[in-house]
Amino acid sequence: MPFPLAGVLPIVHTPFDANGAIDDASLAREIDFAFAQGASGCGTGMVSEILRLGESERKGLTEKLVAMVAGRGPFFASVGAESIAQAVDLARHAGAAGCDAVMAMPPTLTAPGEAALLEYFSRLAEAVEVPLIVQDASSYVGQAIPLTVYIELLRRFGREKILFKPEAAPLGPNLSALRDATDGQAAIFEGSGGVLLIDSYRRGVQGTMPGMDLLAGIVAIWRALEQGDEETAYRVYFPLAAIVCLQMQAGLDGFLAIEKYLLYGQGVIAHPYRREPVGWSLDEETAAEVDRLAARLQAALPLS
């Protein structure tokens, strides 16, 4: 891998046109935007709406993104699925397409026990040569992954092969539990959208995987933390966290609606459409509050 998986690694939003097809021009613009904002790399995940994409769309998206990233940083593809066979197929495709890593969450329609989870992730790890990021997306969908599963995967495959993105609540204590149980060997990423970024950083995460919408703020916070500049980190954090709180009120739909609203407002994507059905959309008052907070965030950013 030419670049390490570390730092700010945003999750790509899948832009759609007015007819519901993937908007390639907006997608390319989004990737250019990410690297211009200071992202270390990027990947696909829950806010990519992968569960709303067909198999051919999902594979096609991976291929397009590998080409669009064009070696500017690492790219990882989300390959979690409802069966081992599906997930392995997606993982092998991602590896063949040139991905630098794959990321997988457990099946969402079943509740596999520890043995089944170990089999699922082990089969994925064995299917590809690139690293596997084990994602617990239970704050959005599916079930939490037991700590014992993390520990056993790390024992079997090593820290270069198995990385972790635990998102089960309470996030901070769970990050520390994984860190301590592995004697600091686990490479851990957080995905709180920024609302728990400072706390997560203090607990030793290797990187963060936010959405694209607040990327300038996330990068500014991460760089400030790396430089020991708490004043800047907290100044940027407060309006950013307030926006994420608005997103959190409606779960994954809340994140998608507001994140695409902000990306559309920044001219990154041509339409803020989401694949239907959706359970929540912005009303005018929420949008107005997002705009007010976004202006405060912009004012809080350090001068470049």
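Note: the structure precedes this text.
Starting afresh in each chain, residues are numbered from 1 along the sequence in its written order. Restriction of local features to residues with pLDDT of at least 70 applies here, the model being predicted, together with a cutoff of 80 or more for giving and counting side-chain atom pairs; totals for whole chains, interfaces and linings are based on all residues. Only hydrogens and water are set aside when side-chain values are computed; all heavy atoms of the structure are taken into account.

Enquirer: Hey, could you run me through the overall build of the protein chain in this one?
Expert: The helix and strand inventory of the protein chain stands at 11 helices and 8 strands. For 304 residues, the compact-globule formula gives about 19 Å, and the C-alpha radius of gyration of the protein chain, at 18 Å, lands near that figure. Counting only C-alpha atoms and orienting by the principal axes, one finds that the protein chain spans roughly 50 × 45 × 35 Å. Each residue gets one of three labels from its accessible area relative to the maximum for its type: buried under 20%, exposed over 50%, partly exposed in between, using a 1.4 Å probe on protein chains only. Considering the protein chain as a whole, with its 304 residues, one finds that 54% of them fall into the buried category. By the convention used here, residues are in contact when the closest approach between their heavy atoms is within 4.5 Å. By sequence separation, contacts in the protein chain at least 24 residues apart represent 74% of the contacts at least 6 residues apart. Counting only carbon and sulfur atoms, one obtains 52% of the accessible surface of the protein chain, whose full area is about 12500 Å². Numbering of helices and strands runs from the N terminus; a helix is a DSSP stretch of H or I covering at least four residues, while a strand is a stretch of E covering at least two. Radius of gyration: C-alpha atoms only; globule rule: 2.2 Å multiplied by the number of residues to the exponent 0.38. The Shrake-Rupley method, run with a 1.4 Å probe, gives the accessible areas here. Residue values count only the displayed protein chains as cover.

Enquirer: Got a minute to help me understand the environment of Ala101 in this structure?
Expert: Looking at where Ala101 falls in the secondary structure, it is placed in strand β4 (residues 101-104). Residue Ala101 is classed as buried on the basis of its relative accessible area, which comes to 0%. Sequence separation between Ala101 and Leu163 is 62 residues, and the spatial gap between their C-alpha atoms is 9.7 Å. Not counting residues up to four positions away in its chain, the partners in contact with Ala101 are Leu5, Phe75, Phe76, Ala77, Val130 and Pro131.

Enquirer: What is the right way to read the pairing of β4 from this model?
Expert: The side chains of a regular strand alternate, residue by residue, between the two faces of the sheet. Residues Ala101 and Met103 of β4 are buried on one face, and the alternating residues Val102 and Ala104, pointing to the opposite face, are buried as well. In terms of strand pairing, strand β3 (residues 75-78) meets β4 through 3 bridges, oriented parallel. Within β4, the position partnered with Phe76 by the bridge is Ala101. As for the winding sense of the linkage, the β-α-β connection from β3 through helix α3 (residues 84-97) to β4 is right-handed. Note that the unit made of β4, helix α4 (residues 114-127) and strand β5 (residues 132-136) has a crossover that is right-handed. In this description, strands pair whenever DSSP reports at least two bridges between them. Here a crossover is taken to be right-handed if, once the strands point away from the viewer, the path from the first strand over the helix to the second is traced clockwise.

Enquirer: Help me understand the side chain of His13 in this model?
Expert: Its place among the elements puts His13 in the loop between β1 (7-8) and α1 (24-37). The residues contacting His13, other than those within four sequence positions of it, are Leu27, Glu30, Val47, Ser48, Gly211, Met212, Asp213, Leu256, Glu259, Lys260 and Leu263.

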